[in-house]
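Residue-level structure breakdown
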Amino acid sequence: MSELDADTLLPNERLREQALAGEVTQIHRGSRYADVGDTFTIDGTVFDVVAVDERTLGDLTDEDARAEGARDLDHYRDRLARVHDHFEWDDESAVVRHRFERRD
C-alpha cells in the first residue's frame, strides 16, 4: 500500500474535481497505476483504491462510462477520441480499471 499522487491516477483537474463531487469513481488507463489498498488525496479528501482489474475496451459498458463521468459508452468513446491524439477504439485493446472510494 502506498500514497499516490492524485495526478498520476487522475491526469487532469476536471477528473479530480469530478472525483471530489462523487461523479467519477473509477478510471480505465492503458497501464496499471495503482494497487488495491493504495490511497490518494485531493484537496484534503482521502480516496482508497478498492479494485484494479485488467480488461479490454470491449468489456466496457454504459455503467462503466457513467462511473467515469460520461453519459454513456458512446459519449465516453467520443471523449477518449478528443483527448488522445490518434486514438482508435479497438475492442481488444487492453486497459486497466482502477476503482476508488472516498474515505469517510
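Below you will find a few notes about this structure. (Residues numbered from 1 in each chain as written. Predicted model: local features only at pLDDT ≥ 70, side-chain atom pairs only at ≥ 80, totals over all residues. Heavy atoms only, no water.)

**Thoughts on the layout of surface pockets**
Estimates place the volume of the largest pocket at around 610 Å³. Lining the largest pocket are 25 residues, with His 28, Tyr 76, Leu 80, Val 83 and His 84 positioned closest to its centre. Of all the secondary structure elements, the ones that give two or more residues to the lining of the largest pocket are α2 (13-20), β2 (26-29), α4 (73-83) and β5 (94-102). Looking at the lining of the largest pocket residue by residue, the class counts come to eleven nonpolar, eight polar and six charged. (1 Å grid on protein atoms, 1.4 Å probe; cavity = no way out; pocket = protein on both sides within 12 Å on 5 of 7 lines; lining within 4 Å. Points joined across faces, edges and corners; volume = space filled by probe spheres on them. Helix = DSSP H or I, 4+ residues; strand = E, 2+ residues; numbered from the N terminus. Nonpolar A, V, L, I, M, F, W, Y, C, P; charged D, E, K, R; others polar.)

**Points about the sheet that holds strand β4 (residues 45-56)**
Strand order in the open sheet made by the five strands is β1-β3-β4-β5-β2, with mixed pairing throughout. Among the strands making up the open sheet, the edge pair consists of β1 (3-4) and β2. As judged from the four bridges shared by strand β3 (residues 39-42) and β4, these two strands associate in the antiparallel manner. The residue of β4 that forms the bridge with Phe 40 is Phe 47. (Pairing = 2+ DSSP bridges.)

**Things to note about the packing of aromatic side chains**
Taken as a whole and judged by the stated rule, the model has five aromatic pairs. Each ring, one from Phe 40 and one from Phe 47, has its centre 5.1 Å from the other, and the planes form 5 degrees; the classification is stacked. By relative accessible area, Phe 40 is classed as buried at 0%. Members of the aromatic cluster, joined through ring pairs, are Phe 40, Phe 47 and Phe 100. In this structure, Arg 29 is placed above the aromatic ring of Tyr 33, and the distance from its NZ or CZ to the ring centre is 4.0 Å. One Lys or Arg, Arg 77, reaches over the ring of Trp 89 and ends 4.5 Å from the middle of that ring. (Phe/Tyr/Trp six-rings, centres within 6.5 Å; stacked < 30°, edge-to-face > 60°. Buried < 20%, exposed > 50% of the residue type's maximum accessible area, 1.4 Å probe, protein only. Lys NZ or Arg CZ within 6 Å of the ring centre and 35° of its normal.)

All quantities given are derived from atomic positions and should not be read as evidence of function.
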